[in-house]
Amino acid sequence: MTTSALATPHGKTLEPTVPPGIESLEDTGLSRDFLVSLIAKILHQRDSLTGFELADAIAIPFTVLDELLVELQNSRLTEVRETDGPARSSYRFALTAAGRQKASEAFAASQYVGPAPVPFGQYVEWTRRQSVNTVSIDRAHLEEALADLVLPDGFLDSLGPAVNSGKSLFLYGDPGNGKTRIAEGVASAFGEAFYVPFAVDLDGHVAVLYDPVYHEALDPEVTEGAPDLAIFREVATHDRRFVKVRRPVVVAGGELDLSQLDLRYDPFSRTYQAPVQLKANGGVLVIDDLGRQRVPPRALLNRWIVPLEHRVDHLTLHSGKKITVPFDCLVVFSTNIDPAQLVEEAFLRRIHYKIHVPDPDERRYDEIFDRCCLAEGIAYDPDAPELIRREYYRRGRAWPRGCHPRDILSHLRDIAAFNGHVPVLSPTLLRKACDSYFVPLERGTSTGLAQIEDV
């Protein structure tokens, strides 16, 4: 068994701890009855499968699974429908009438059909072995992770220590200046690989954890949340109940409420969906637009006090039983509202690092504009950003944001394409793009107002 992940001198993690391949039924940590029920449900749903296909579907090597298949045949629950060679792995298995009855009973207990879940204890162990706290990120690697952003001078001096602390981080400032992108870059700096199980067994119930919305699979055979067929033609190099993914970035915005931070039980399928913080383990959890949720900021921060301080969270099963789960993610609170208007000082104290993400000054704005022109294939002209400053920002029609060059150039390209013209930074096209993008604002409605005179 390998040791936990280590950080290189440059901040990049080595290949993380890899869950070893399954060599026996005992290695799964699951009861034989649970596995038999899962096999019955898979065969009922698929009608018939070869031994290899069944092994793929349940994510257990056929050499291990065959022990159960022999028992099922001896119990008259399955039969061999046809063979395609002497190896049992090529036999096509199907349920008998008794097997279909077994599957019906299994479906009544749980509708889950998929890779065998990982026992909760194993999940806890492997989450801790791959902890974000095992990674130390230096300046060079953080610069590399955020190379596509034009950041203020000295910004990394504040961000770097906050990231390495593994504690909570508060990013505040006006919208459109890259707060969410900064959080994503931080996650990529943690290292590429992390192993997350498809599902976890919680007190006899299955909780689905792998979410393709947040977990980008690095295993080529994984598509749409389940292993593709034919991955067990060779001996598995790691436990295939785990998926190798990039460290996740989970963003929860204004739609977040307290119920989404606990296990959600579906009484029809009799399975759980994991909350966002469990899906974020090993990566970054961004609470975006803090202060705009359907619950008061104080209530939301109260919910995070124990996880932030003790690195564990307490979730409730539908039976009322409490379980303690790892809370192994960097939490980034992001807001467009003045932090002092959100919560009192005692609550802000619990968020260890507070970093302001300002509007771009003139130099940074021009560099962003230049980079966006390069990305769009449009020749850069320094007169273009100056026109926008003169006719829109200084007249109070808008305040400079880091996202404006990208969006304005996108409008300009759309207008040029509609009129059959080549997109260029002509004053006429720029004005049309800006007029269709900016909404007139009254002075005093933005925290960025004071910065206009400096631009």
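Novice: I'd like a description of unusual backbone geometry, backed by residues and values.
Specialist: If you check the backbone angles, arginine 270 has positive phi at about 55 degrees while not being a glycine. Tracing the backbone through its elements, the reader meets arginine 270 in the loop between strand S13 (264-266) and strand S14 (271-273). The exposure class assigned to arginine 270 is partly exposed, which follows from its relative accessible area of 32%. Not every positive phi belongs to a glycine, and aspartate 289 is a case in point at roughly 55 degrees. Among the structural elements, aspartate 289 can be located in the loop between strand S15 (284-287) and helix H11 (297-310). Residue classification places aspartate 289 among the partly exposed residues on the basis of a relative accessible area of 25%.

Novice: Can you explain helix H16 (residues 404-418)? Please cite residues and give values.
Specialist: Residues lying three or four places apart along an α-helix face the same way, a consequence of the helix completing one turn every 3.6 residues. The terminal C-alpha atoms of H16 lie 21 Å apart, and with 15 residues this matches the ideal 21 Å at 1.5 Å per residue to within 8%. Of all the positions in H16, only His404, Pro405, Asp407, Ile408, Leu409, Leu412, Ile415 and Ala416 are classed as buried. Tucked inside the fold, the buried residues of H16 contact helix H14 (362-376), helix H15 (383-393) and helix H17 (427-437). A positive phi of about 75 degrees marks glycine 420, the residue just after H16.

Novice: Explain the packing of helix H2 (residues 32-46) against helix H4 (residues 62-74) to me, using residue names and the numbers behind them.
Specialist: When two helices pack together, you describe them by how their axes are tilted relative to each other and by the distance separating the axes. Where H2 meets H4, the closest approach of the two axes is 11 Å, and the angle between their N-to-C directions is 75 degrees. With respect to each other, H2 and H4 are oriented roughly perpendicular. Between H2 and H4, the contacting residues are Arg32, Leu35, Val36 and Ile39 on the first element and Leu65, Glu67, Leu68, Leu69, Glu71 and Leu72 on the second. A breakdown of the residues in the contact of H2 with H4 according to their chemical character gives seven nonpolar, no polar and three charged.

Novice: Run through the nonpolar core, naming residues and quoting values.
Specialist: Residues Leu35, Ile39, Leu54, Ile58, Ile60, Leu65 and Leu69 are the most contacted members of the largest nonpolar core, which totals 31 residues. Counting only elements with at least two residues in this core, the list comes to H2, helix H3 (51-58), H4 and strand S3 (92-95). Broken down by element, this core gets its largest block of residues, seven residues, from H2. Counting residues in each nonpolar core, the second largest holds 27 residues, with Ala145, Leu151, Ala187 and Ala189 among its members.

Novice: Residue-level account of the sheet that holds strand S5 (residues 169-172), with values.
Specialist: Here five strands make up an open sheet; going across it, the order is S12-S15-S18-S5-S19 and the pairing parallel. Here the strands that pair on one side only, and so sit at the sheet edges, are strand S12 (249-252) and strand S19 (353-356). Looking at each pair of strands side by side, their axes are set apart by 20 degrees on average, direction ignored. Sheet topology note: the S15/strand S18 (residues 330-335) ladder contains four bridges and is parallel. Across the sheet, leucine 285 pairs through a bridge with valine 331, a residue of S18. Strand contacts of helix H8 (residues 155-165): S5, S18 and S19, with the helix running at about 150 degrees to S19, the strand carrying the most contacts.

Novice: Tell me about the side chain of arginine 303, and please be specific about residues and values.
Specialist: Checked against the element boundaries, arginine 303 lands in helix H11. Looking at arginine 303, its side chain comes within polar contact range of the side chain of aspartate 313, at 3.0 Å. Not counting the four nearest positions on each side in its chain, arginine 303 is found in contact with Leu258, Leu261, Gln277, Asp313, His314 and Leu315.

Novice: Please give an account of the sheet that holds S14 that cites residues and values.
Specialist: Neighbouring strands of a sheet are bound in pairs by backbone hydrogen bonds; such pairs are parallel or else antiparallel. An order of S4-S7-S8-S14-S13 is seen for the five strands of this open sheet, with the pairing classed as mixed. One side of each edge strand has no neighbouring strand; the edge strands of this open sheet are strand S4 (118-119) and S13. Note: S13 against S14, three bridges, orientation antiparallel. Each residue of the ladder has a partner; that of arginine 264, found in S14, is glutamine 273.

How each quantity is defined
- Residues numbered from 1 in each chain as written.
- Predicted model: local features only at pLDDT ≥ 70, side-chain atom pairs only at ≥ 80, totals over all residues.
- Heavy atoms only, no water.
- Helix = DSSP H or I, 4+ residues; strand = E, 2+ residues; numbered from the N terminus.
- Buried < 20%, exposed > 50% of the residue type's maximum accessible area, 1.4 Å probe, protein only.
- Expected span 1.5 Å × (residues − 1).
- Contact = heavy atoms within 4.5 Å.
- Axes fitted to C-alpha atoms, helices over the stretch in contact; angles between N-to-C directions.
- Parallel < 35°, antiparallel > 145°, perpendicular 65-115°, else oblique.
- Nonpolar A, V, L, I, M, F, W, Y, C, P; charged D, E, K, R; others polar.
- Core = buried A, V, L, I, M, F, W, Y, C linked by side-chain atoms within 4.5 Å.
- Pairing = 2+ DSSP bridges.
- Polar contact = N/O pair within 3.5 Å; in protein donor to acceptor, adjacent residues only side chain to side chain.

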